[in-house]
Structure formats: C-alpha cells, structure tokens
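# Descriptive analysis of the structure
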Amino acid sequence: MKKNLLLVLFIMITTIASAQFTIWEDDFDDADASDWTLLDRDGNGSNWLARKNIQYDSNTGTFVDSNFSVLGTYNIDFNTSDYLATFEDNFAISPAIDASFYSGKLSLILNAQPSVVEGNLDISVYGSTSPDPATFTLLSTVNLKRVTEDQEEFADYTVDISQYTGETTVYIALEAKLNYHFSGYEIDKISVVAESLLGVDDVTLESQVCRINQNPVHESLELQLGEQFQNEETALKIYNANGILVKESPYKPENLSVSDLPQGLYFLAVTNNDVSKKIKFIKK
C-alpha cells in the first residue's frame, strides 16, 4: 500500500510539474459581466457589454446576433447600423485574480476578434494590483487580425503578465480607444494561465503559526493555528491545483471536513484581516 501511495504521489507531482494551470477564466456564456468594471470614459452611452457576437445581414442591411457569447464593444448604432457620431474610449476591468499560489511565467490569453465588416484592430491590455483605473500600466498592445469580412475569426492572443506572479490580487483591463470609427471588438474568452505552482517551501507555514497535523489528509484537516487565527474573523478557503475555490468556512475549533473532496493536491488559505497564510496538502 505504501509503495502504491508513493507511486501515486510521484505521478501527481510529475504531472503538476509539467502542467499549466488556469488560474482564472471568463467565457461570458452566462451573458453576465456584472463582476467586471465597465467604464464608458467618452460618455457616449456605448460601452463594453456581454452579448452575442454580431453578424451582418445583407438582406436587411443591419447587424444581427450570431452564435458566440462575447464581451464586446462597438462604435455603431444597432438601430441604423451607422457609425456613432463620436469615437470610443471604453475601459473594461476584470474581477480580482489571485495569483499567489503560482510561480514562473504568467500569461493572459485573449480569444478575440475584430467584429465582422472590420479590418485589423489594436486593443490595449493593462494590469494593476488595484482596481483604481489610475493605477493601471500598459502591458501590451495586441493587434487583432481579420482576413475576411463576414466570417468568425476568433484566435488566441497571448500577453506575458509575469510581473504579477505571486500577487494576491491582480486586475487586467482592456481598452478600446481609437481616433477613428470601427465596427467592434469581441472577446470570446479571456483566461490567465500559470506555468507552475509555488514550491512546498514557499507556501508551507511556520509550524508555530499554522500547520496541518496530518498530511496527506483522509477525512478532515486537523489544524493547529496560532492565537491570532483562533477567532471568528478567520476565514478558511480551500483551492484545488487549478486555483479554483472548492470549499470555504469560518474558523471553528473542530476539524474542517474534506471528505467530500476528490483525491488530489490542494491549498488551504487561512486569512484574518490583512494576514494570509497558505498550506499545501494532499487529500487521499
């Protein structure tokens, strides 16, 4: 049994070492961008929004909904299909992204296109550790390609955002700001991918502050927390190896059950006000 367990752990660690980890993604399939901050900075009433990508109907001479759920921004009047009188200056800020469990290269992947009846378009990508628009810095200007006028041409575009590796809160912003008229930008999916997990030494807490008494864990986490964490303000959050929150609970003196979690590698984040500690553990 011990040999089998060691083999499983070896395979798991080897797989993790060679994998990429999707920290966060949004595919807009729920037609909801309410967790984004969408700024119509030019004040013309046209902004980023979650909707279907557009297609041009040559029979009616109007733009109609097509098949993909996107985050889009347009410089056209959908009632008349004419360009708006003003140019666009729209800024879309993502929800907070937690990159604190990861190391190595961090990449932003945009699956995007210029809308139909359009040529190539530049989109500016910004980053910050604060949601304040004034704090964002330009990371890259990405040229979205279009070959045809009327076909869907979504493609992946990658931006290196490794400067934010290890940060607890990261915000990504997309800027549509051109001094000429355009049909639209459409984002089918946006994701952040990490090259590797933090090493054990990077995330294991000092034993006198916080520890799990048994690791691997079978049924529950037997926690030994320092006094500063033994109160109702402490939050316990468990993330899987892909950085997805799978369980959360306020601090309780009794053990935290993990019997409902599949076998695998997890992180426990112990947070009290501005103090956050992390432990890596294996669920058998």
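For the protein, the count of helices and strands is 2 helices and 19 strands. Looking at the protein as a whole, 45% of its 284 residues qualify as buried. Put simply, of all contacts in the protein between residues at least 6 apart along the chain, 70% involve residues at least 24 apart.

A few words on the sheet that holds strand 5 (residues 89-93). Strand pairing in a sheet relies on backbone hydrogen bonds. The paired strands run either parallel or antiparallel. The 5 strands lie next to each other as 2-5-10-7-8, forming an open sheet whose pairing is antiparallel. A strand with exactly one partner marks an edge of an open sheet, and here the two such strands are strand 2 (37-40) and strand 8 (137-144). Shown here is a sheet whose adjacent strand axes are inclined to one another by a mean of 20°, direction ignored. In the sheet, strand 7 (residues 121-128) pairs with strand 10 (residues 171-177) via 5 bridges, with the strands oriented antiparallel. Following the sheet pairing, Y126 is matched in strand 10 by A173.

Before going further, it helps to examine the nonpolar core. Judged by nonpolar contacts, the single largest core of 44 residues is most densely connected at I23, W48, Y185, I187 and I190. Put simply, the parts of the chain that give this core at least two residues each are strand 1 (21-26), strand 6 (102-114), strand 7, strand 8, strand 9 (155-160), strand 10, strand 11 (184-197) and strand 18 (264-272). The dominant element in this core, judged by the number of residues it contributes, is strand 11, at 6 residues. Among residues more than four places away in sequence, those in contact with I187 are F28, W48, S69, V70, L71, L110, N111, A112, I123 and L174. Core analysis: the second largest hydrophobic core is formed by 16 residues, I212, L225, L256 and F281 among them.

Strand order across the open sheet formed by 4 strands is 16-15-18-19, with antiparallel pairing between neighbours. Bordering the open sheet on either side are strand 16 (245-250) and strand 19 (275-283), each of which pairs with just one other strand. If you compare each strand with its neighbour and ignore which way they point, the axes differ by 20° on average. As paired elements, strand 15 (residues 234-240) and strand 18 share 7 bridges and run antiparallel to each other. Looking at the pairing, L236 lines up with V270 of strand 18.

For the structure on display, the rule yields 11 aromatic pairs. Centroid distance Y56 to F63: 5.3 Å. Interplanar angle 65°. Geometry classified as edge-to-face. A relative accessible area of 38% means that Y56 is categorised as partly exposed. Owing to a relative accessible area of 11%, F63 belongs among the buried residues under this scheme. Ring pairing ties together the aromatic residues W24, F28 and W36, which thus form one cluster. R51 extends its terminal NZ or CZ atom over the ring of F78, reaching a point 4.8 Å from the ring centre.

Of all residues in the protein, 89% have pLDDT values of 70 or greater, and the mean over the chain is 86. The model gives residues 1-18 a pLDDT under 50, and that stretch makes 7 contacts with residues more than four places away or in other chains. Counting contacts from residues 200-208, a segment whose pLDDT is below 50, to residues more than four positions away or on other chains yields 12 contacts.

The subject of this paragraph is a negative patch on the surface. A surface patch of negative charge is lined by D27, D29, D30, D32 and D35. Looking at the secondary structure, you find D27 in the loop between strand 1 and strand 2. Taking relative accessible area as the criterion, D27 reaches 31% and is therefore assigned partly exposed.

Time to look at the pattern of salt bridges. Counting across every chain of the model gives 6 salt bridges. The shortest N-O distance in the salt bridge between R41 and E175 comes to 2.4 Å. Residue R41 is found in the loop between strand 2 and strand 3 (49-57), and its partner E175 is found in strand 10; the two are separated by 134 residues along the sequence. For R41, a relative accessible area of 39% gives the class partly exposed. A residue is classified by how much of its surface remains accessible, and E175, at 10% relative accessible area, is buried. Linking E153 and R146 is a salt bridge whose minimum nitrogen-to-oxygen distance equals 3.8 Å.

Its identity is not glycine, yet A31 carries a phi of approximately 55°, on the positive side. By secondary structure assignment, the location of A31 is in the loop between strand 1 and strand 2. Using a relative accessible area of 54% as the deciding quantity, one classes A31 as exposed. In the Ramachandran plot, V117 falls in the positive-phi region, its phi being about 55° despite a non-glycine side chain. Classification of V117 as partly exposed rests on a relative accessible area of 36%.

Reading the values: rules and limits
Residues numbered from 1 in each chain as written. Predicted model: local features only at pLDDT ≥ 70, side-chain atom pairs only at ≥ 80, totals over all residues. Heavy atoms only, no water. Helix = DSSP H or I, 4+ residues; strand = E, 2+ residues; numbered from the N terminus. Buried < 20%, exposed > 50% of the residue type's maximum accessible area, 1.4 Å probe, protein only. Contact = heavy atoms within 4.5 Å. Pairing = 2+ DSSP bridges. Axes fitted to C-alpha atoms, helices over the stretch in contact; angles between N-to-C directions. Core = buried A, V, L, I, M, F, W, Y, C linked by side-chain atoms within 4.5 Å. Phe/Tyr/Trp six-rings, centres within 6.5 Å; stacked < 30°, edge-to-face > 60°. Lys NZ or Arg CZ within 6 Å of the ring centre and 35° of its normal. pLDDT = per-residue confidence, 0-100. Patch = residues over 30% accessible without salt bridge, like charges linked within 9 Å, V, L, I, M, F, W, Y side chains within 5 Å. Areas by Shrake-Rupley, 256 points an atom, 1.4 Å probe, with all protein chains shown as cover. Salt bridge = Lys/Arg side-chain N within 4 Å of Asp/Glu carboxyl O. Lys, Arg positive; Asp, Glu negative; His and termini not counted. Charge placed at Lys NZ, Arg CZ, Asp CG, Glu CD.

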